[in-house]
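# Commentary on secondary and tertiary structure
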Amino acid sequence: ANIADNLRAYINGFSENMREVVEKFDFYNTIEKLDEANLLYLVMDRFKGIDLHPDLVSNLEMGYIFEDLVRRFNEALNENPGEHYTPREVIRLMVNLLLSQDEDALAHNHVVRTVYDPCCGSGGMLTIARERIKEINENADVYLFGQEVNPETYAMAKSDMYLKSKDGRDAENIKQGSTLSNDQHQGVAFDYLITNPPYGKDWKMDKEAVESEAAKGNNGRFGAGTPRISDGQLLFLQHLISKMNPVENGKGGGRIAIVLNGSPLFTGDAGQGESEIRRWILENDWLEAIIALPEQLFYNTGIATYIWILSNHKENKRKGKVQLIDATDIWKPMRKSLGDKRREISPKQIKLITNLFLEFKDSEKVKIFNTTDFGYRKIQVEQPLRLNFQASPERIERLEDETVYKNLVISKKKDKVKKAAEEVEGRNEQKRIKEILGSLPDNVFIRRKEFLKVLNIAFKQSNIDLKSPMKKAILNALSEQDENAEICFDLKGNPESDKNLRDYEYVPLNEDIQKFFDREVKPYIPDAWIDEEYKDELDGEIGKVGYEINFNRYFYTYQPPRSLDEIEADIKKLEEEIIRMLREVTE
């Protein structure tokens, strides 16, 4: 009868910091709801025989229990469990890649390392990273830091840290709030940084703070720019880079492991946010490797995912290089699917992928590139404007769509009498313009200069001052593109460009622009030219610089199409099968 009061009293006996965790779980409200529904005793009774002591249930087992519970309840609520946790084998692979180059250094005495996760969820990445460091050196002193936006998962992480650290120091380093808008580890840098940020989630709630931070340039966390508002993955990556321990006198430095979907590899054209962020990363030579993971690894999505490894203290052999690893077919099927998760990576396969990373050699599954191989210059290619002109009734009627012509009958006068008079005058002017155009010869002019001469004479004889905006509107209405017409030149004698024929070429960074243009464009469009005013904002050179990493292009294997005879045989076989099935139905 008194179980609710007794349970509250029991919880109130905890220390203040532990009570904060319970409050974040909103547990007092849960007690009240269960008690009112006469369910509290029944729920408590179900737990009486369960012993979850760490001596009986390992962290790995508890992790899988937690994953399954979160998946079940989030599926029931139609929420996104991918925001709460990452499969344990994916975390282990990320941790292996993160630490693999430092195992010798970690084995030394008096080793102190810090690990940070800005989207720490329940803290799984942090605890597995610490376990791996302890496997390498059980005497290593590992400090964990994290931040989590969701109050309940923050409470899970913090309570887990209280259970696993003797002095509670790691728990105190777990903070709650949005990392993008409220960095609660401001001014702190770390040795190892690992995270799985939400995929394709917008950052509208953090927009004001993020843009304010980006305005600080290199003094802020988002100096490279901001991606599109619908996806904040590259903001988290920039945040991590700002948190890497600096290299001083050849020592120190940080390394990052982050799992992202395919979007950050290629979205955004040259000069746009995503491309500029990739450019910043590659030109600073921070990207060590990208590993393409198998699909169907995560509980809530079967999409392709990629682990990015970044560092500000690359080995000499990796400087100026980026390693791509295709691990898409390194997996084994699960005995039982869990949501969208139908595959997993075994410990042997984790070791295989880690060895591919460490070997750093070109192979069927590994490609090594220069950082500049992913860059290009987007140049603007122009073609000359060629127009014919004709004062035909159909073209004259197009004047009705020209803004300058339409504005003749729009008065801004407030006085009604003056307003009406001005509008009448405008309609009369419209009428006179059409009458003059109707008096022009209706033959087709292929030289703009000749047509302009005829047009100017006609208006001059009618004592109408043809101002430049109206003249432009008339030329626009009475003209059509004509590849056989003479090129239109501006007042300086330069050919005008035809915006409808404007195109763009993507020139590899390692190639001379003019040589590329002469080879790829000139033979097919002899009168085309490069717009020299279309320049990059950072270096001021012709063409905007862009970076993209098209993973599929580098690992694509051509599969020749089947022969027609083989396809025909398959069709005949299917036809025979259909006929057989129809006979069975009719009989």
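Right, let's walk through the structure included here. Every chain is numbered independently, its residues counted from 1 as its sequence is written. Only residues with pLDDT of at least 70 get local features here, since the model is predicted, and only at 80 or more are side-chain atom pairs given and counted; chain-wide, interface and lining totals rely on the full set of residues. The basis for every side-chain value is the complete set of heavy atoms in the structure, and neither hydrogens nor water enter the calculation.

### A closer look at the overall build of the protein chain
Inclusion rule: Working definition: helices are DSSP H or I runs of at least four residues, strands are E runs of at least two. Numbering for both runs from the N terminus. All radius of gyration figures rest on C-alpha atoms, and the globule criterion is 2.2 Å times the number of residues raised to 0.38. Charge counting follows a simple rule: Lys and Arg are positive, Asp and Glu are negative, and His as well as the terminal groups are ignored. For charged residues, the charge sits on one atom: NZ in Lys, CZ in Arg, CG in Asp, CD in Glu.
The helix and strand tally for the protein chain stands at 23 helices and 19 strands. The globule rule puts the C-alpha radius of gyration for 587 residues at 25 Å, and the 34 Å found for the protein chain is more than 25% above it. Counting only C-alpha atoms, the protein chain reaches 105 × 85 × 70 Å along its principal axes. Positive and negative side-chain charges in the protein chain, numbering 84 and 103 respectively, have mean positions lying 3 Å apart.

### A word on helix α9 (residues 151-164)
Heads up, the rule is: What a helix should span is 1.5 Å times the count of its residues minus one. The buried label applies to any residue whose accessible area, calculated with a 1.4 Å probe on protein chains only, is under 20% of its type's maximum; exposed applies above 50%, and partly exposed to all values in between. In this description, contact between two residues means that some pair of their heavy atoms is separated by no more than 4.5 Å. Here a polar contact is recorded for every N or O atom pair within 3.5 Å, except that within protein the pair must consist of a potential hydrogen donor and a potential acceptor, and residues adjacent in sequence are included only if both atoms are side-chain atoms.
The first and last C-alpha atoms of α9 sit 20 Å apart over 14 residues, in line with the 20 Å expected at 1.5 Å per residue. Residues T153, Y154, A155, A157, K158, S159, D160, M161 and Y162 constitute the buried set of α9. Where the residues of α9 are buried, they touch α2 (16-24), α8 (124-136), β2 (141-148), α10 (169-172) and β3 (174-176). For α9, the N-terminal cap is N150; the gap from its side-chain oxygen to the backbone nitrogen of E152 is 2.9 Å.

### A short note on the packing of aromatic side chains
Operational definition: Aromatic rings from Phe, Tyr and Trp, taking only the six-membered ring of Trp, are treated as a pair when their centres fall within 6.5 Å; an angle between ring planes under 30 degrees marks them as stacked, one over 60 as edge-to-face, and anything in between as tilted. In this analysis the charged atom, NZ for Lys or CZ for Arg, is taken to sit over a ring once it is within 6 Å of the ring centre and within 35 degrees of the ring normal.
Overall, the coordinates contain 14 aromatic pairs when judged by the stated rule. Here the aromatic rings of F374 and Y554 are separated by 5.8 Å at their centres, their planes lie at 75 degrees, and the arrangement is edge-to-face. With F374 in the loop between β13 (366-370) and β14 (375-382) and Y554 in helix α22 (residues 551-555), this residue pair connects regions lying 180 residues apart in the sequence. Summarising the burial analysis for this pair, F374 and Y554 share the class buried. Each ring, one from F389 and one from F451, has its centre 5.3 Å from the other, and the planes form 10 degrees; the classification is stacked. Note that F389 is positioned in strand β15 (residues 387-389) and F451 in helix α19 (residues 448-461), a separation of 62 residues in sequence. Directly above the ring of Y143 sits R169, whose terminal nitrogen or CZ lies 3.8 Å from the centroid. One residue, R318, lies across the ring of F357, its end atom 4.3 Å from the ring centre.

### Focus: the environment of R169
With respect to the helices and strands, R169 occurs in helix α10. For R169, a relative accessible area of 24% corresponds to the partly exposed category. Between the C-alpha atom of R169 and that of Y143, which follows or precedes it by 26 residues, the distance is 8.0 Å. Setting aside residues no more than four positions away along its own chain, R169 makes contact with D141, V142 and Y143. A polar contact of 3.0 Å, which involves the side chain of R169, links it to the backbone oxygen of V142.

### Overview of the nonpolar core
The cut-off we apply is this: For the purposes of this section, nonpolar cores are sets of buried Ala, Val, Leu, Ile, Met, Phe, Trp, Tyr and Cys residues that join through side-chain atoms within 4.5 Å.
Core analysis: the largest hydrophobic core is formed by 50 residues, its most contacted members being V115, I291, L293 and I307. In terms of residue count, the dominant contributor to this core is helix α6 (residues 88-99) (eight residues). With residues up to four places along the chain from it excluded, the contact list for L293 reads V90, L93, V259, T305, I307, A327, T328 and I345. Core analysis: the second largest hydrophobic core is formed by 34 residues, Y116, I281, I290 and I549 among them.

### Details of helix α21 (residues 513-520)
It helps to recall that an α-helix has 3.6 residues per turn; residues three or four apart then point in one direction. The test is simple: The directions considered for the arc are those from the helix axis to the C-beta atoms.
Among all positions in α21, only I513, F516 and F517 are buried. Down the axis of α21, the buried set is contained in an arc of 100 degrees. They therefore lie on one face. Next to the buried residues of α21 lie β14, β17 (503-508) and β18 (529-530). The backbone nitrogen of Q514 has a side-chain oxygen 3.1 Å away, supplied by the residue at the start of α21, namely D512.

### Notes on the packing of helix α18 (residues 416-438) against α19
Here is the rule: To define axes, lines are fitted to C-alpha atoms, for helices over the stretch in contact only, and angles between the resulting N-to-C directions are given on a 0 to 180 degree scale. Every angle not falling under 35 degrees, over 145, or within 65 to 115 is termed oblique; those three ranges are roughly parallel, roughly antiparallel and roughly perpendicular. Handedness of a crossing follows from how the near helix is turned relative to the far one, being left-handed for an anticlockwise turn of less than a right angle and right-handed for a clockwise one. Classes in brief: Ala, Val, Leu, Ile, Met, Phe, Trp, Tyr, Cys and Pro nonpolar; Asp, Glu, Lys and Arg charged; the others, Gly included, polar.
Taken N-terminus to C-terminus, the directions of α18 and α19 make an angle of 130 degrees; their axes are 10 Å apart at the nearest point. Put simply, α18 runs oblique to α19. Of the two possible hands of crossing, α18 and α19 adopt the one that is right-handed. Of the residues in α19, those in contact with I433, I436 and L437 of α18 are L455, A458 and F459. Taken together, the residues of the contact of α18 with α19 sort by class into six nonpolar, no polar and no charged.

### Structural notes on the pattern of salt bridges
Note on pairing: side chains with opposite charge can pair once their charged atoms come close. Formally: When a carboxyl oxygen of Asp or Glu is within 4 Å of a side-chain nitrogen of Lys or Arg, the pair counts as a salt bridge.
Inspection of the entire model under this criterion finds 43 salt bridges. A salt bridge links K365 to D329, with the nearest nitrogen and oxygen atoms 2.6 Å apart. With K365 in the loop between α15 (347-359) and β13 and D329 in the loop between β10 (321-326) and β11 (332-338), this residue pair connects regions lying 36 residues apart in the sequence. A residue is classified by how much of its surface remains accessible, and D329, at 46% relative accessible area, is partly exposed. A single salt-bridge network, built from bridges that share partners, covers R130, D141, R169 and D170.

### Some words on unusual backbone geometry
Of note, the phi angle at D26 is positive, near 60 degrees, even though the residue is not glycine. Within the secondary structure layout, D26 lies in the loop between α2 and α3 (27-36).

### With respect to the sheet that holds strand β4 (residues 192-195)
To keep it simple, the criterion reads: We treat two strands as partners when DSSP finds at least two bridges between them.
Strand order in the open sheet formed by nine strands is β3-β2-β1-β4-β7-β9-β8-β10-β13, with mixed pairing between adjacent strands. Strands with a single pairing partner mark the edges of an open sheet, and in this sheet they are β3 and β13. Neighbour-to-neighbour, the strand axes of this sheet turn through a mean angle of 15 degrees, independent of strand direction. Across four bridges, the pairing between β4 and strand β7 (residues 255-261) is parallel. Note on β7: the bridge partner recorded for I194 is A257. Contacting β1 (112-117), β4, β7 and β9 (305-311), helix α12 (residues 233-242) crosses the sheet at an angle of about 180 degrees to β7.

### Some words on a nonpolar patch on the surface
Let me state the cut-off plainly: Like charges within 9 Å and nonpolar side chains (Val, Leu, Ile, Met, Phe, Trp, Tyr) within 5 Å are joined into patches, using only residues over 30% in relative accessible area that form no salt bridge. For every accessible area listed, the method is Shrake-Rupley and the probe measures 1.4 Å; residues are considered covered only by the protein chains on display.
Taken together, the side chains of L39, Y41, L42, V43, F47, I50, L52, M62, I65, L69 and F73 define a hydrophobic patch exposed on the protein surface, amounting to about 1000 Å² of accessible area. Among the structural elements, L69 can be located in helix α5 (residues 59-77). For L69, a relative accessible area of 42% puts it in the partly exposed group.

### Overview of the packing of α19 against helix α20 (residues 468-478)
At a closest axis distance of 12 Å, the pairing of α19 and α20 adopts a crossing angle of 125 degrees. With respect to α20, the axis of α19 lies oblique. Crossing geometry of α19 relative to α20 is assigned as right-handed. Contacts between α19 and α20 pair F451, L452, L455, N456 and F459 from the former with K471, I474, L475 and L478 from the latter. Considering only residue class, the contact of α19 with α20 consists of seven nonpolar, one polar and one charged.

### Structural notes on the environment of P508
Tracing the backbone shows P508 in strand β17. When its relative accessible area of 37% is taken as the criterion, P508 is described as partly exposed. P508 sits 136 residues away from T372 along the chain, and the two C-alpha atoms are 8.5 Å apart. Setting aside anything within four residues of it in sequence, one finds P508 in contact with G375, Y376 and F516.

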